[in-house]
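# Structure assessment
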Number of protein chains: 2
Amino acid sequence: MEEQYLTEAEAIDIIREMLGAPGSAVEVGVGDDAAVYHFASSGVILTVDSIYEGIHFTLDNYSLADVGWKAMAASISDIAAMGGQPECALISVAMDAPPTEGQIRELMGGALEMARSCDCQIVGGDLCRSASGLGLSVTVAGTRHPCGPVLRSEARDGDIIGVTGTLGDSAAGLYVLQSGSEEMREKFAGLIQKHLRPGPAVEAGDALASSGVSAMDDVSDGLAPDVVHICQASDVGCEITGEDVPLSGELRVLAEEACADPLGWALGGGEDYQLLFTAPPGGFEAALRALNAHGIPAVRIGVIKPAEQGMKLVARDGQSIDLEGLGYDHFL
Amino acid sequence: MEEQYLTEAEAIDIIREMLGAPGSAVEVGVGDDAAVYHFASSGVILTVDSIYEGIHFTLDNYSLADVGWKAMAASISDIAAMGGQPECALISVAMDAPPTEGQIRELMGGALEMARSCDCQIVGGDLCRSASGLGLSVTVAGTRHPCGPVLRSEARDGDIIGVTGTLGDSAAGLYVLQSGSEEMREKFAGLIQKHLRPGPAVEAGDALASSGVSAMDDVSDGLAPDVVHICQASDVGCEITGEDVPLSGELRVLAEEACADPLGWALGGGEDYQLLFTAPPGGFEAALRALNAHGIPAVRIGVIKPAEQGMKLVARDGQSIDLEGLGYDHFL
């Protein structure tokens with residue numbers, strides 16, 4: 001039997017059924033002009049992030065569930081990067097053809113699975129036609145950390161720079177996906193998973209905010225541009241020690257096989273959604289302890305310097321590389 | 001001198017300068033991972049709406065300022081349709097080529113002008129590449145009316161159906177834009193303006209919510225589908241009197257010249273962003289008085305019936321037309 005195309009109203013009915021009964025904070029959920037949500041505090045964190053087919057993903061490498069998951073993860077990560085708790089989300093979906101029930105269930109299933117894993121409820125959105133390709137725009141609203149949002153702009157000269165987890169795995173996973181070899185894909189399935197199903201660091205962000213870190217950002221564009229974001233916003237410079245950038249064993253094995261520099265993926269790759277943070281020297285150990293209490297690994301990768309010293313990475317051979325210009329620009 | 005293309009960072013700097021100093025409710029504005037906004041009450045209305053080039057607009061008929069204005073107006077209208085007050089907005093922009101400074105200023109200028117006219121602050125967003133065409137996704141957050149949000153689902157048998165302003169002007173304006181005759185465009189400039197620069201009915205929504213109307217929706221898809229939205233959500237039927245649907249003088253003149261049925265634009269055209277509302281017989285006059293106090297015209301167009309009587313429009317000749325199926329589906 002051929003699958004039927006859905007009308008907008010039918011698609012909304014299916015989504016509403018998938019979402020189930022709304023939680024107690026939801027006064028109005030999917031199906032009216034807008035949602036009404038009751039936040040526990042008046043300070044609400046709001047962010048939006050969009051991904052487009054052909055730019056951020058292709059459907060030969062991504063399932064629709066991966067696309068839904070990843071769009072949701074990217075927006076939730078922005079809340080985590082401030083130390084906030086995601087609470088509710090709106091998802092705007094544009095498709096170039098009416099969807100089948102299977103497609104709607106797969107796409108929304110991925111977004112819903114990701115949102116639920118972070119205790120975030122989907123409360124609304126919209127569905128419309130695009131001229132070409134699939135586009136998702138996800139808004140997430142969350143609540144501030146009691147100690148206040150951790151900004152990018154509060155890093156100070158002398159602060160220690162740290163990062164959670166390992167970096168470059170997502171970019172390396174994309175490399176494996178695009179390399180096309182079935183054998184490679186099997187061998188490096190862990191890296192592919194890191195690319196397709198990243199997990200935003202909500203718990204880490206909360207722990208770091210509680211410990212009193214000075215500045216924070218999620219590693220969404222790549223370590224180099226995200227370090228530059230913090231330095232520019234804080235009007236400081238930095239020195240990152242290349243050897244200290246945390247790389248996974250799987251990434252190192254792949255780099256050797258591919259004759260690639262593993263650090264390249266970490267610096268320019270992005271989409272790791274780990275947290276980059278700074279803390280005064282006396283507070284850095286407390287930050288590591290706060291993360292450790294949740295089983296979250298983190299390491300020191302450098303130090304904040306005065307602005308006039310620039311933003312540098314010191315390589316193993318002692319060479320100093322300018323971090324500006326290594327980055328990712330969404331328009332370029 | 002040729003205009004230069006902007007990087008993402010340069011575009012954000014220009015937008016930040018255009019936005020000016022944030023209001024006192026904004027703890028964190030544009031430039032960090034997310035915005036932090038302090039709402040006056042805990043119940044927050046959230047909505048998102050997206051428009052895409054080639055589907056919702058073309059750049060031969062719309063200036064970039066029109067596109068920015070209209071995307072913002074559509075989302076603010078969803079807040080108005082619940083009787084809420086828009087407070088802040090996030091704007092996600094996807095472009096298929098890096099923008100020039102002129103393009104960013106025009107697009108954001110239109111969005112900003114619309115938002116400011118409704119006391120709504122732009123507090124964040126994102127910029128990214130699309131595979132083809134311009135896409136805008138606007139999230140608006142607002143505060144509930146003290147009497148609660150007015151839903152689509154509370155219309156009851158016997159309620160009077162009313163609508164603000166006149167209907168069909170926006171669709172007729174699009175018809176004139178597409179007809180291509182310069183003479184027509186000059187003659188019907190008012191209709192074109194209604195299409196390109198619709199104003200959401202925030203003041204009307206607030207007045208109607210205060211007067212205790214039972215159900216409300218904005219006329220975004222067309223009178224027929226929007227009446228159907230209310231009837232289906234409320235599990236009721238209706239009888240709309242075709243002759244009572246408010247049409248502007250300009251629309252009637254155009255219909256005569258174009259040998260078209262003016263009611264067709266009102267029923268199926270959409271994007272008028274007037275408010276459609278229902279009130280118990282004893283409360284309808286109070287609703288009109290509340291609007292009148294603000295100089296907002298409104299009229300009675302029909303009555304809510306039991307569900308089994310269907311959703312009908314009674315034409316001048318006494319013929320009864322089924323309103324279902326006259327509508328607009330975003331996927332079809």
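Residues numbered from 1 in each chain as written. Chains lettered and ligands numbered in written order. Predicted model: local features only at pLDDT ≥ 70, side-chain atom pairs only at ≥ 80, totals over all residues.

Here we take up the overall build of chain A. Across its full length, chain A holds 11 helices and 13 strands. The C-alpha radius of gyration of chain A comes to 20 Å, within 12% of the 20 Å expected for a compact globule of 332 residues. Expressed as a percentage of the 332 residues in chain A, the buried residues total 56%. (Helix = DSSP H or I, 4+ residues; strand = E, 2+ residues; numbered from the N terminus. Rg over C-alpha atoms; globule rule 2.2 N^0.38 Å. Buried ≥ 20, exposed ≤ 12 C-beta atoms within 10 Å, placed from the backbone.)

For the pair chain A and chain B, the best superposition has an RMSD of 0.0 Å and corresponds to a rotation of 180° with a translation of 0.0 Å parallel to the axis. Each copy turns onto its partner about a two-fold axis. Considering only C-alpha atoms, the part of chain A nearest the rotation axis is A:Ser42, at 2.9 Å. Both copies contact each other with a shared surface, as 98% of the interface residues of chain A are interface residues in chain B too. (Least-squares fit on C-alpha atoms with pLDDT ≥ 70 in both. Contact = placed C-beta atoms within 7 Å.)

Our next topic: the packing of helix α7 (residues 202–211) of chain B against helix α11 (residues 281–292) of chain B. Residues and elements named next belong to chain B. Viewed as axis vectors pointing N to C, α7 and α11 meet at an angle of 145°, and their least axial separation amounts to 9 Å. Between α7 and α11 the crossing geometry is right-handed. Facing Ala204, Ala207, Leu208, Ser210 and Ser211 of α7, the residues of α11 in contact are Gly283, Ala286, Ala287, Ala290 and Leu291. (Axes fitted to C-alpha atoms, helices over the stretch in contact; angles between N-to-C directions. Left-handed = near helix turned anticlockwise from the far one by under 90°.)

Right, let's talk about the packing of helix α4 (residues 169–179) of chain A against helix α6 (residues 189–196) of chain A for a bit. Residues and elements named next belong to chain A. Axis separation between α4 and α6 bottoms out at 7 Å; the angle between their running directions is 110°. Taken together, α4 and α6 sit at an angle that is classed as roughly perpendicular. In the packing of α4 onto α6, the handedness of the crossing is left-handed. Where α4 abuts α6, its residues Asp169, Ser170, Ala172, Gly173, Leu174, Val176 and Leu177 lie against Leu191, Ile192, Lys194 and His195. Its residues assigned to classes, the contact of α4 with α6 comprises six nonpolar, three polar and two charged. (Parallel < 35°, antiparallel > 145°, perpendicular 65-115°, else oblique. Nonpolar A, V, L, I, M, F, W, Y, C, P; charged D, E, K, R; others polar.)

So, about the interface of chain A and chain B. If you look at the interface, chain A gives 60 residues, while chain B gives 60 residues. Put simply, the parts of the chain that give the side of chain A that touches chain B at least two residues each are β1 (26–28), β2 (35–38), β3 (43–52), α2 (64–80), β4 (85–95), β5 (121–129), β6 (135–143) and β8 (215–218) of chain A. The residue inventory of the side of chain A that touches chain B, partitioned by class, reads 29 nonpolar, 17 polar and 14 charged. Pairing of β3(A) with strand β2 (residues 35–38) of chain B, which is carried by four bridges, proceeds in the antiparallel orientation. Within the sheet, the bridge partner assigned to A:Gly43 lies in β2(B) and is B:His38. (Pairing = 2+ DSSP bridges.)

Right, let's talk about the sheet that holds strand β3 (residues 43–52) of chain B for a bit. Strand order in the open sheet made by the six strands is β1(A)-β2(A)-β3(B)-β6(B)-β4(B)-β5(B), with mixed pairing throughout. If you trace the sheet from one side to the other, it starts and ends with β1 of chain A together with β5 (121–129) of chain B, each paired once. Within this sheet the neighbouring strands show an average axis-to-axis angle of 20°, counted without direction. For strand β4 (residues 85–95) of chain B and strand β6 (residues 135–143) of chain B, the ladder comprises nine bridges, and the chain directions are antiparallel. Bridge assignment links B:Val93 to a residue of β6(B), and that residue is B:Leu136.

A few words now on the domain arrangement of chain A. All names here are of chain A. Under the domain assignment used here, chain A contains domain 1 (8–143) and domain 2 (160–322). Taking only C-alpha atoms into account, the centre of domain 1 sits 27 Å from that of domain 2. Counting residues at the interface gives 17 residues for domain 1 and 18 residues for domain 2. Listed by contribution, the elements that provide at least two residues to the side of domain 1 that touches domain 2 are α2 and β4. The greatest single-element share of the side of domain 1 that touches domain 2, amounting to nine residues, is contributed by α2. Of the residues assigned to the side of domain 1 that touches domain 2, the class counts are 10 nonpolar, four polar and three charged. (Domains from an automatic or database assignment.)

With that settled, the discussion passes to unusual backbone geometry. Most of the time, phi is negative for any residue but glycine, and the peptide bond is trans. Residues and elements named next belong to chain B. In the Ramachandran plot, Glu271 falls in the positive-phi region, its phi being about 60° despite a non-glycine side chain. With respect to the helices, strands and loops of the structure, Glu271 is situated in the loop between α10 (262–268) and β10 (275–279). Classification of Glu271 as buried rests on a count of 23 C-beta atoms within 10 Å. A positive phi angle is found at Tyr273, which is not glycine, with a value near 55°. Residue position: Tyr273 is located in the loop between α10 and β10. Judged by the 24 C-beta atoms lying within 10 Å of it, Tyr273 is buried.

It is worth spelling out the nonpolar core at this point. Judged by nonpolar contacts, the single largest core of 228 residues is most densely connected at A:Leu208 and B:Leu208. Residues contacting A:Leu208, with those up to four places away along its chain left out, are A:Gly83, A:Val150, A:Val213, A:Met216, A:Leu275, A:Phe277, A:Ala287, A:Ala290 and A:Leu291. (Core = buried A, V, L, I, M, F, W, Y, C linked by C-beta atoms within 7 Å.)

Turning next to the environment of B:Pro198. Residues and elements named next belong to chain B. Mapped onto the secondary structure, Pro198 falls in the loop between α6 (189–196) and α7. According to the C-beta neighbour criterion, Pro198 is buried, with 22 such atoms within 10 Å. Along the sequence, Pro198 and Ile55 sit 143 residues apart, while their C-alpha atoms lie 18 Å from each other.

Here we take up the confidence of the model for chain A. The predicted model of chain A has a mean per-residue pLDDT of 95, with 98% of residues at 70 or higher. Scored by ipTM, the complex comes to 0.94, with pTM at 0.95. (pLDDT = per-residue confidence, 0-100.)

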